[in-house]
Amino acid sequence: MAEQTHVLFVEDDDVIREATQLALERDGFAVTAMPDGLSGLEAFRSRRPDIALLDVMVPGLDGVSLCRRIRDESTVPVIMLSARADSIDVVLGLEAGADDYVTKPFDGAVLVARIRAVLRRFGHAGGDRAEAGSSAVDGGMLTFGDLEVDTEGMEVRRAGQPVALTPTEMRLLLEFSAAPGTVLSRDKLLERVWDYGWGGDTRVVDVHVQRLRAKIGQDRIETVRGFGYKLKA
């Protein structure tokens, strides 16, 4: 990388925090590691990292609340770290605005792969600009009822009013917009939007679809039971 990618890592367990920081630094990342949510928020505001890794259960300001505070101020990518894959905290973190999550204990190589996958989507990795997904999206304005999607300017309007989307939500909408009326499976969306070359948790897709619906209209994206989702043309 031409410049080191700056990672904010918030974890209260000293052993995990120090070991993970060393592992990330060996992979070429610059890391700011904080033991609690309040110091993590201060570091976020002062250092402006490229990505944030937030443990769900940290003192002072828990990871979910910290994610909400970050999302109020920035679209920087956020990965939540949770000790249990089936925890409600996973869904709460995604609903708070996180882009992905990793279950603890995690393998260092897996964590780095997930970080790089998120950064590719956001255009940070290797200095490359992120593509809009594997589907070809023609430049210009796409219109679906009162919804307008500018695929060149990366802007969305609903009934003439701008809609603020995170980069992950925008990529998800671009995938739907590229094939209106076509059912896209959760696995396909994980592959195209989250860059998963392996099986992933489809709750990530479901929560992001819910968030996208809340912004562009609940009826605009239809659930096709047993298959996936489609954008109403």
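See the structure above.
Caption draft 1: Molecular detail of the pattern of salt bridges. Scanning the entire structure with this criterion turns up 15 salt bridges. Measuring nitrogen to oxygen at the nearest pair gives 2.6 Å for the salt bridge that ties Arg45 to Glu73. Taken together, the positions of Arg45 in helix H2 (residues 37–47) and Glu73 in helix H3 (residues 63–73) put the pair 28 residues apart, joining distant regions of the chain. Classification of Arg45 by relative accessible area gives partly exposed; the value is 40%. One salt bridge in this structure joins Arg158 and Asp146, with 3.9 Å as the shortest N-O distance. One end of the pair, Arg158, is in strand S8 (residues 155–158); the other, Asp146, is in the loop between strand S6 (141–144) and strand S7 (147–150), and 12 residues separate them in sequence. Within the structure, one salt-bridge network assembled from shared partners comprises Glu11, Asp55 and Lys104.

Caption draft 2: Quick peek at the side chain of Arg213. Its location among the elements puts Arg213 in helix H8 (residues 203–216). Although Arg213 lies buried, it forms no salt bridge, and the closest oppositely charged side chain, Asp219, sits 7.4 Å away as judged by the N-O distance. One polar contact links the side chain of Arg213 to the main-chain carbonyl oxygen of Ile221, over a distance of 2.9 Å. Aside from chain neighbours lying at most four places away, what touches Arg213 is Gln218, Ile221, Glu222, Thr223 and Tyr229.

Caption draft 3: Seen up close, the sheet that holds strand S2 (residues 30–34). With respect to topology, five strands assemble into an open sheet ordered S2-S1-S3-S4-S5, the strand pairing being parallel. What marks the edges here is a single partner per strand, and that holds for S2 and strand S5 (100–103). Averaged over all pairs of adjacent strands, the angle between their axes in this sheet comes to 20 degrees, without regard to strand direction. Bridge analysis of strand S4 (residues 78–82) against S5 gives four bridges, and the strand direction is parallel. By the bridge assignment for S5, Ser82 is matched with Thr103.

Caption draft 4: Region of the structure containing unusual backbone geometry. With omega at -5 degrees, the peptide bond leading from Lys104 into Pro105 counts as cis. Non-glycine residue Arg48 carries a positive phi angle of around 50 degrees. Relative to the helices and strands, Arg48 resides in the loop between H2 and strand S3 (51–55). Take Arg48: its relative accessible area is 44%, and that puts it in the partly exposed class. We note that Met154 has phi near 55 degrees; this positive angle belongs to a residue other than glycine. Of note, Met154 is situated in the loop between S7 and S8.

Each value, and the rule that gives it
- Residues numbered from 1 in each chain as written.
- Predicted model: local features only at pLDDT ≥ 70, side-chain atom pairs only at ≥ 80, totals over all residues.
- Heavy atoms only, no water.
- Salt bridge = Lys/Arg side-chain N within 4 Å of Asp/Glu carboxyl O.
- Helix = DSSP H or I, 4+ residues; strand = E, 2+ residues; numbered from the N terminus.
- Buried < 20%, exposed > 50% of the residue type's maximum accessible area, 1.4 Å probe, protein only.
- Lys, Arg positive; Asp, Glu negative; His and termini not counted.
- Polar contact = N/O pair within 3.5 Å; in protein donor to acceptor, adjacent residues only side chain to side chain.
- Contact = heavy atoms within 4.5 Å.
- Pairing = 2+ DSSP bridges.
- Axes fitted to C-alpha atoms, helices over the stretch in contact; angles between N-to-C directions.

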